[in-house]
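One letter stands for each residue in the lines below.
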Amino acid sequence: MTVALTPVSSRRRGSGRARESLLALAMLAPSIVILVTFVLYPLGRAVFLGRQRCDAQARNCRTNGWGQYLDIAKSDEFQHALWVTVKFALLTVPVGVLLGLGLAVLADKHLRGVRFFRTVFSSTVATSVAVASLMWLFLLQPSRGVLANIDWLNSLFPVMKRPGLLNDPGTALTSVAVSSIWANLGFTFIVVTAGLQSIPRELHESAYVDGASPWRRFTDVTVPMLSPTLVFVAVVLTSRAFQAYGEIDLLTNGGPTPQDSTTTLTYLVYGSSSVARSDAGLQSGVAVLLFVVLLALSALQLRGLGRRVHYGNE
Amino acid sequence: MATVRLESLTKMFDGVTAVDDVTLDIADREFMVLLGPSGCGKSTLLRMIAGLEAPTSGVVSIGGVAVNDVEPKERDVAMVFQSYALYPHKTVRANIEFPLKVRKVPKAERAAAAEQAAAALGLTDYLGRKPGQLSGGQRQRVALARAIVRQPAVFCMDEPLSNLDAKLRSETRAELVALHQRLSSTFVYVTHDQVEAMTMGTRVAVMHSGRLEQVGTPAEVYARPASVFVAGFIGTPPMNVLPAGLADGPDDERSLQVGIRPEHVVIDDTSSLRATVALVEQLGHEVLVYCQVGDTRIVVRGAAGGDAVARVGDEVGLRLPAEHRHHFDPTTGRRVDR
């Protein structure tokens with residue numbers, strides 16, 4: 001009897017498993033469809049396009065082979081844009097992290113009216129890149145900009161008036177970086193504030209009773225306990241810096257020309273005055289290379305910094 | 001010399017009184033236990049001694065000097081927290097050395113001191129580990145080592161055993177008492193556990209709603225509770241408190257609440273106080289009989305197999321010997337000595 005029953009029960013189990021798999025597939029389907037449609041297919045298409053030369057609509061293409069990636073990487077335009085991007089990240093990320101950390105630490109005190117400052121500091125998170133950039137444009141615009149027309153600032157930095165911070169090849173990138181730092185400050189502030197609030201109060205109190213000065217408590221308790229948050233913020237800000245586009249498009253258009261002082265990799269892909277603009281193949285090539293650079297950089301950051309970071313109680 | 005003196009100490013948080021006019025003298029080298037239920041203000045009192053909270057009014061003196069305006073680090077106190085407050089990113093050695101490091105003690109000296117403190121608490125083998133790699137009991141000892149390493153005059157401990165399991169807790173109680181004797185420092189120890197208070201304290205200060213209910217040796221507090229609250233807080237099970245008029249006795253006693261410890265109640269069928277047995281708990285070495293007299297529950301403790309044996313539903317007589325009775329004013333709850 002039992003011998004006869006075995007195949008029946010295993011068949012039942014088998015069909016149950018199949019039904020379970022089907023159900024799982026049905027439930028996963030929406031995610032899979034979205035992932036394939038909006039991530040995997042475009043990525044594959046971009047990698048494929050990157051080996052071709054096309055017109056702007058990517059209709060008439062001829063393949064140039066995988067060597068096209070090497071040609072792009074070796075080109076002056078790509079290397080210049082990569083260098084500008086690196087400079088932009090170096091200008092925005094460290095200052096952005098330090099400013100966000102500083103403001104969050106200041107606003108973490110239990111002082112009267114500190115909520116007002118918290119709201120103000122985090123408000124840029126609700127400000128779109130377009131609005132932020134326009135605001136900075138109005139501030140820096142040489143003829144009518146508010147900052148550009150403060151007399152003592154003008155006499156200190158004549159470049160503000162002529163040709164204007166955004167129009168001088170020496171100051172354009174820094175000015176865009178300032179706008180970008182400002183726009184990202186709300187994000188950094190909120191994340192670091194959340195990190196600060198998760199540090200147990202007793203750690204500070206214990207250090208306080210043991211005689212640690214406020215600076216000592218900051219370096220020996222706050223920073224180490226906050227390190228995972230700071231690494232996260234640094235990785236996100238770096239990735240944002242490498243993909244910054246809106247502020248550059250609105251403030252400088254990749255210029256000033258002919259130095260292309262603010263032509264970053266993303267601007268090289270999309271920018272209206274970019275040399276790659278009229279060729280979907282070249283655009284894709286640069287985009288794929290940017291993806292590779294960013295992937296490598298994030299991995300390096302997480303591995304390099306991650307080793308020195310304390311994650312919880314492991 | 002490190003006496004601690006609290007004079008009319010009051011602490012208010014946003015209009016709520018956490019500590020209400022507490023005056024307490026803690027002698028040099030005393031092990032003073034602040035005992036009370038959660039929210040009674042005992043931790044706030046301790047934090048005012050350590051300098052983590054500023055009193056709303058009153059004076060904190062350590063070693064005869066008022067320290068209200070003195071930073072914690074100048075008070076020569078060390079604090080052990082319930083959560084241990086170890087730095088998770090530092091090794092055990094770095095944790096223990098930290099109080100010396102911030103005081104700029106030379107490296108060799110602080111290494112020696114840390115090793116000595118670690119040895120005293122059996123942590124020598126764990127100096128290179130991080131707190132996350134230690135058990136609860138070991139972490140607790142690291143917190144103690146960090147407190148003793150700079151040999152403070154006063155130790156403030158805020159429920160340091162609460163996060164340990166029962167067995168480890170009783171072991172650590174004995175270790176703490178030994179540590180107190182060895183260090184000859186003043187200990188101020190906060191707990192809600194009456195067993196800790198009774199077994200460790202030279203004196204116990206019982207707190208309730210921000211006020212001091214009673215200060216005395218554990219034996220005094222047990223034998224002569226100053227209020228119904230103390231009577232009900234100390235002892236397992238706590239003292240039986242009968243409403244005025246329930247127990248038989250002379251007229252002047254009948255207007256008072258009568259308290260009696262469970263071990264002093266005698267089951268005696270000749271007694272006129274009749275009760276129904278509601279529950280019998282056999283604990284091996286003793287038996288607890290829960291009796292009901294109207295709305296009042298009276299617990300009787302007896303030796304296992306002794307006189308107190310009764311069955312649920314039995315009607316029994318209870319005798320409350322006069323020499324073991326305590327009397328309390330029904331309105332104030334304070335002790336009345338007749």
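Cut-off values and rules
- Residues numbered from 1 in each chain as written.
- Chains lettered and ligands numbered in written order.
- Predicted model: local features only at pLDDT ≥ 70, side-chain atom pairs only at ≥ 80, totals over all residues.
- Helix = DSSP H or I, 4+ residues; strand = E, 2+ residues; numbered from the N terminus.
- Buried ≥ 20, exposed ≤ 12 C-beta atoms within 10 Å, placed from the backbone.
- Contact = placed C-beta atoms within 7 Å.
- Rg over C-alpha atoms; globule rule 2.2 N^0.38 Å.
- Pairing = 2+ DSSP bridges.
- Axes fitted to C-alpha atoms, helices over the stretch in contact; angles between N-to-C directions.
- Right-handed = clockwise from strand over helix to strand, strands pointing away.
- Core = buried A, V, L, I, M, F, W, Y, C linked by C-beta atoms within 7 Å.
- Expected span 1.5 Å × (residues − 1).
- pLDDT = per-residue confidence, 0-100.
- Bend = angle between axes of the 7 residues up to and from the residue.

Enquirer: So what exactly am I meant to see when it comes to the overall build of chain B here?
Expert: Check the secondary structure of chain B and you find 8 helices and 18 strands. For the C-alpha atoms alone, the extent of chain B along its principal axes is close to 75 × 45 × 35 Å. Here chain B holds 338 residues, and the buried ones make up 41% of them. Relative to all contacts within chain B whose residues are 6 or more apart in sequence, the contacts with residues 24 or more apart total 63%.

Enquirer: For this particular structure, what's the right way to read the overall build of chain A?
Expert: When helices and strands are tallied, chain A shows 12 helices and 2 strands. Secondary structure elements of chain A, listed N to C terminal, follow the sequence α-β-β-α-α-α-α-α-α-α-α-α-α-α. Here the C-alpha atoms of chain A give a radius of gyration of 26 Å, more than 25% beyond the 20 Å that 2.2 N^0.38 yields for 314 residues. Seen through its C-alpha atoms, chain A measures out along the principal axes to roughly 100 × 70 × 30 Å. Counting all 314 residues of chain A, 32% fall into the buried class. Counted over contacts in chain A with a minimum sequence separation of 6, partners at least 24 positions apart contribute 65%.

Enquirer: Whenever I open this one, the interface of chain B and chain A confuses me. Can you help?
Expert: When the parts of a complex come together, some accessible area is lost, and that lost area is often used as the size of the interface. Between chain B and chain A, the residue contacts involve 19 residues of the former and 16 residues of the latter. When residues of the side of chain B that touches chain A are assigned to their parent elements, the largest contribution, 3 residues, is made by strand 6 (residues 77–80) of chain B.

Enquirer: What is the right way to look at the sheet that holds strand 17 (residues 315–319) of chain B in this model?
Expert: Across a sheet, paired strands are connected by hydrogen bonds in the backbone, their directions being either parallel or antiparallel. Residue and element names in this part refer to chain B. An order of 13-17-14-15-16 is seen for the 5 strands of this open sheet, with the pairing classed as antiparallel. The sheet is open, and its two borders are formed by strand 13 (266–267) and strand 16 (296–303), each paired with just one other strand. The pairing of strand 15 (residues 286–293) with strand 16 spans 8 bridges and is classified as antiparallel. The residue bridging V289 from the neighbouring strand is V300, located in strand 16.

Enquirer: Could you clarify how one ought to interpret the environment of D314 of chain B in this entry?
Expert: Turning to its location among the elements, D314 of chain B is positioned in the loop between strand 16 and strand 17. Separated by 39 residues in sequence, D314 of chain B and A275 of chain B place their C-alpha atoms 8.4 Å apart.

Enquirer: Would you explain the sheet that holds strand 18 (residues 326–328) of chain B in this entry?
Expert: Residues and elements named next belong to chain B. With respect to topology, 3 strands assemble into an open sheet ordered 11-12-18, the strand pairing being antiparallel. Looking at which strands have only one partner, the edges of the open sheet turn out to be strand 11 (240–242) and strand 18. Between one strand and the next, the sheet's axes are offset by a mean angle of 25°, whatever the strand orientation. Here strand 12 (residues 257–260) runs beside strand 18; their pairing, made up of 3 bridges, is antiparallel. Across the sheet, the residue bridging to V258 is H327, located in strand 18.

Enquirer: Would you explain the pairing of strand 7 (residues 154–158) of chain B in this entry?
Expert: Where a strand is regular, its side chains alternate between the two sheet faces. Residue and element names in this part refer to chain B. Burial within strand 7 is extensive, with 5 of its 5 residues counted as buried. The alternating pattern of strand 7 places V154, C156 and D158 and F155 and M157 on opposite faces, both of which are buried. Relative to strand 7, strand 6 runs parallel, the two sharing 4 bridges. Opposite M79, over in strand 7, you have C156 as the bridge partner. Note that the unit made of strand 7, helix 5 (residues 166–183) and strand 8 (residues 186–191) has a crossover that is right-handed.

Enquirer: When you look at the nonpolar core in this model, what are you seeing that I'm missing?
Expert: If you look at soluble globular proteins, the nonpolar side chains tend to sit buried side by side. In this structure, V286 of chain A together with V33, L34, I49, A145, C156 and V188 of chain B are the most contacted members of the largest nonpolar core, which totals 147 residues. A per-element tally of this core places helix 3 (residues 76–107) of chain A first, with 11 residues. Beyond its immediate sequence surroundings of up to four residues, V286 of chain A is in contact with I72, F78, L265, L268, V269 and A276 of chain A.

Enquirer: Help me understand unusual backbone geometry in this model?
Expert: One can expect most non-glycine residues to show negative phi and most peptide bonds to be in trans. Residue and element names in this part refer to chain B. Here the bond from T236 into P237 is cis, since omega is -10°, no more than 30 degrees from zero. Following the sequence through the fold, P237 ends up in the loop between helix 8 (228–233) and strand 11. Although it is not a glycine, E159 adopts a positive phi angle of roughly 45°. Following the sequence through the fold, E159 ends up in the loop between strand 7 and helix 5.

Enquirer: When you look at the environment of L165 of chain A in this model, what are you seeing that I'm missing?
Expert: Residues and elements named next belong to chain A. Following the sequence through the fold, L165 ends up in the loop between helix 6 (151–156) and helix 7 (172–197). Here the alpha-carbon distance between L165 and S175, two residues 10 residues apart in the chain, equals 6.5 Å. Setting aside its immediate chain neighbours within four residues, L165 contacts L140, V159, M160, T171 and S175.

Enquirer: Would you explain helix 4 (residues 136–148) of chain B in this entry?
Expert: Side chains that are three or four residues apart share a direction in an α-helix, a result of its 3.6 residues per turn. Residue and element names in this part refer to chain B. Given a rise of 1.5 Å per residue, 13 residues ought to cover 18 Å, and the 19 Å separating the end C-alpha atoms of helix 4 matches this to within 8%. With respect to burial, helix 4 is a largely interior element, 10 of its 13 residues being buried. For helix 4, the set of buried residues is R139, Q140, R141, V142, A143, L144, A145, R146, A147 and I148. In this structure, the buried side of helix 4 is in contact with strand 6, helix 2 (92–101), helix 3 (107–120), strand 7 and helix 5.

Enquirer: Where do I start with the confidence of the model for chain B in this structure?
Expert: Interpreting fine coordinate detail is not advised for predicted regions of low pLDDT. When the pLDDT values of chain B are averaged, the result is 90; 98% of them are 70 or greater. The complex prediction reports pTM at 0.79, with the ipTM value standing at 0.85.

Enquirer: In this structure, what is going on with the pairing of strand 1 (residues 4–13) of chain B? I would like to understand it.
Expert: Residues and elements named next belong to chain B. Bridge analysis of strand 1 against strand 2 (residues 16–26) gives 7 bridges, and the strand direction is antiparallel. Looking across to strand 2, one finds that V4 is bridged to I26. In terms of strand pairing, strand 1 meets strand 4 (residues 57–62) through 5 bridges, oriented antiparallel. Counted as the bridge partner of R5 is S61 from strand 4.

Enquirer: Any chance you could explain the environment of L237 of chain A here in plain terms?
Expert: All names here are of chain A. Note that L237 resides in helix 9 (residues 214–242). Along the sequence, L237 and S284 sit 47 residues apart, while their C-alpha atoms lie 23 Å from each other. Beyond its immediate sequence surroundings of up to four residues, L237 is in contact with T92, V93, G96, V97 and N184.

Enquirer: Is there a simple way to explain helix 7 of chain A in this structure?
Expert: Across its 26 residues, helix 7 of chain A extends 37 Å between first and last C-alpha, which sits within 8% of the 38 Å expected from 1.5 Å per residue. By the largest-angle criterion, N184 of chain A marks the main kink of helix 7 of chain A, which is about 40°.

Enquirer: So what exactly am I meant to see when it comes to the confidence of the model for chain A here?
Expert: Residue and element names in this part refer to chain A. Per-residue confidence for chain A averages 84 on the pLDDT scale, and 92% of its residues sit at or above 70. Element-level pLDDT for chain A is lowest in helix 6, with a mean of 78, against a maximum mean of 92 in helix 8 (residues 201–209). Note on residues 1–6: pLDDT under 50 across the span, and 0 contacts to partners over four residues away in sequence or across chains.

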